Amino acid sequence: MDTGGFPVYEFESALLSLNRVAAKNIIAAEFTGDNAFGLISGIISPALESIGDMWAKGEIALSQEYMAGKICEEVVESILPERSPARKNMPVIGIATLGDEHLLGKRIVCSFLKASGFNIHDYASMEVEEVATRVKDDGVEVLMVSTLMLNLAYGVKKLRTIFDKEGISAKIIVGGAPFLFDRDLWKEVGADAMAVDAMESVSRINDLLGCHNEQ
Ligand code: B12
């Protein structure tokens with residue numbers, strides 16, 4: 001794997017040995033104050049994906065995969081930027097996982113959007129029907145859906161049906177593993193767009209709303 005000069009292997013081995021302190025120190029040594037998303041895509045995500053593959057091949061215990069996810073949540077939390085104070089005339093955004101317990105991707109997208117100045121309603125891991133009600137009540141213009149389990153990705157289809165039936169005009173942008181594995185799945189489930197990561201999600205919102213959110 002080309003690690004682009006990042007200490008991915010060191011971070012991965014700290015995670016596999018459940019060495020929380022070493023994992024935090026590796027990221028702290030690379031953190032410059034404004035490169036959180038670069039460290040997430042350059043070190044944290046590749047290490048987690050490699051650990052996920054090892055688990056799938058039976059090479060490590062579930063507890064190692066589970067703890068690696070938990071340690072990464074803490075590490076990510078410690079470097080994510082604050083909410084931006086520049087929040088004039090920004091569209092109302094919702095974010096949900098439709099019952100998925102893989103919360104790290106949602107956490108990162110949510111934080112990136114907040115840091116970019118968006119107003120976010122975080123519906124966490126709510127069921128489809130409840131998400132639709134909240135989207136309607138909160139006047140959400142774009143709903144971001146993060147699912148890592150394929151079965152839950154199909155929940156977007158159900159959501160779209162409810163939106164159409166109830167006349168809810170919110171756009172739906174999806175992301176997460178199933179949409180990365182199958183690049184046409186977003187169309188199949190009736191979403192309006194997909195994005196590969198948090199950074200791309202901002203361009204998708206702007207494309208769909210036909211705006212560039214200048215302050
Ligand atoms: C870590 C992990 C876990 C951790 C979760 C820790 C946590 N609190 O989140 C634990 C161990 C708990 C776990 C549990 C399970 N997992 Co798991 N897990 C993973 C793994 C290895 C990495 C996920 C991750 O956190 N990546 C790092 C984050 C940062 O990346 P991300 O979520 O993809 O998010 C980025 C982008 O996708 C994007 N994005 C994400 N969401 C959104 C949303 C929008 C709108 C946009 C625009 C962008 C966007 O932006 C993010 C950052 O830039 C994946 C493998 C993979 N390839 O994804 C499997 C994976 C998702 N898990 C899987 C499975 C099967 C399970 C379990 C059923 C069994 C198991 N392995 O233990 C359980 C079920 C949990 C449940 N009921 O929800 C499968 C799902 C397969 C499928 N067909 O559905 C995967 C794909 C592994 C595999 N290859 O088989 N898992």
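What counts and what doesn't
Residues numbered from 1 in each chain as written. Predicted model: local features only at pLDDT ≥ 70, side-chain atom pairs only at ≥ 80, totals over all residues. Heavy atoms only, no water. Salt bridge = Lys/Arg side-chain N within 4 Å of Asp/Glu carboxyl O. Helix = DSSP H or I, 4+ residues; strand = E, 2+ residues; numbered from the N terminus. Domains from an automatic or database assignment. Buried area = accessible area lost by both parts, 1.4 Å probe. Polar contact = N/O pair within 3.5 Å; in protein donor to acceptor, adjacent residues only side chain to side chain. Pairing = 2+ DSSP bridges. Contact = heavy atoms within 4.5 Å. Axes fitted to C-alpha atoms, helices over the stretch in contact; angles between N-to-C directions. Near = heavy atom within 4 Å. Nonpolar A, V, L, I, M, F, W, Y, C, P; charged D, E, K, R; others polar.

**Re the pattern of salt bridges**
Phase 1: A complete count under the given rule lists 11 salt bridges for this structure.
Phase 2: For Glu74, the salt bridge is made with Arg20, and the minimal N-O distance between the two is 2.8 Å. In this pair, Glu74 sits in helix H4 (residues 62–79) while Arg20 sits in helix H2 (residues 20–30), placing the two residues 54 residues apart along the sequence.
Phase 3: Its salt-bridge partner being Glu129, residue Lys158 comes within 3.0 Å of it at the nearest N-O pair. With Lys158 in helix H8 (residues 155–166) and Glu129 in helix H6 (residues 128–138), this pair connects stretches of sequence that are 29 residues apart.
Phase 4: In this structure, a network of salt bridges that share partners links the residues Arg20, Lys24 and Glu74.

**Digging into the domain arrangement of the chain**
Phase 1: Domain annotation of the chain identifies domain 1 (8–79) and domain 2 (92–209).
Phase 2: Note on domain 1 versus domain 2: buried area summed over both sides is about 640 Å², and carbon and sulfur give 80% of it.
Phase 3: Counting the surface domain 1 buries against domain 2, the share from its top three residues, Phe37, Val76 and Glu77, is 66%.
Phase 4: The interface formed by domain 1 and domain 2 includes 1 salt bridge.
Phase 5: Here Glu77 ties to Arg107 by a salt bridge, and the two come within 2.7 Å at their closest N and O atoms.
Phase 6: Viewed at the interface, domain 2 and domain 1 are joined by 1 residue pair in polar contact (both at pLDDT 80 or more).
Phase 7: When contributions to the side of domain 1 that touches domain 2 are tallied by element, the ones reaching two or more residues are helix H3 (36–56) and H4.
Phase 8: Considering every element that reaches the side of domain 1 that touches domain 2, the biggest residue donor is H4, with 4 residues.

**Description of the sheet that holds strand E5 (residues 193–194)**
Phase 1: Within the open sheet, the 5 strands sit side by side as E2-E1-E3-E4-E5. Their pairing is parallel. The sheet is open, and its two edges are formed by strand E2 (119–122) and E5, each paired on a single side.
Phase 2: Strands in contact with helix H11 (residues 198–209) are strand E1 (92–96), strand E3 (142–146), strand E4 (171–175) and E5; relative to E4, the strand with the most contacts, it is inclined by about 160°.

**Thoughts on the site of the ligand**
Phase 1: The immediate surroundings of the ligand are formed by 35 residues, with Glu73, Glu101, His102, Ser146 and Leu150 found nearest.
Phase 2: Ser146 places a side-chain nitrogen or oxygen 2.7 Å from a nitrogen atom of the ligand.
Phase 3: Backbone polar atom of Ala198 to an oxygen atom of the ligand: 3.3 Å apart, as the coordinates give it.
Phase 4: Contributing elements (two or more residues each) for the shell around the ligand: H3, H4, helix H5 (104–115), E3, E4, helix H9 (177–181) and H11.
Phase 5: Top contributing element to the shell around the ligand by residue count: H3, with 5 residues.
Phase 6: Here the residues of the shell around the ligand sort into 21 nonpolar, 8 polar and 6 charged.

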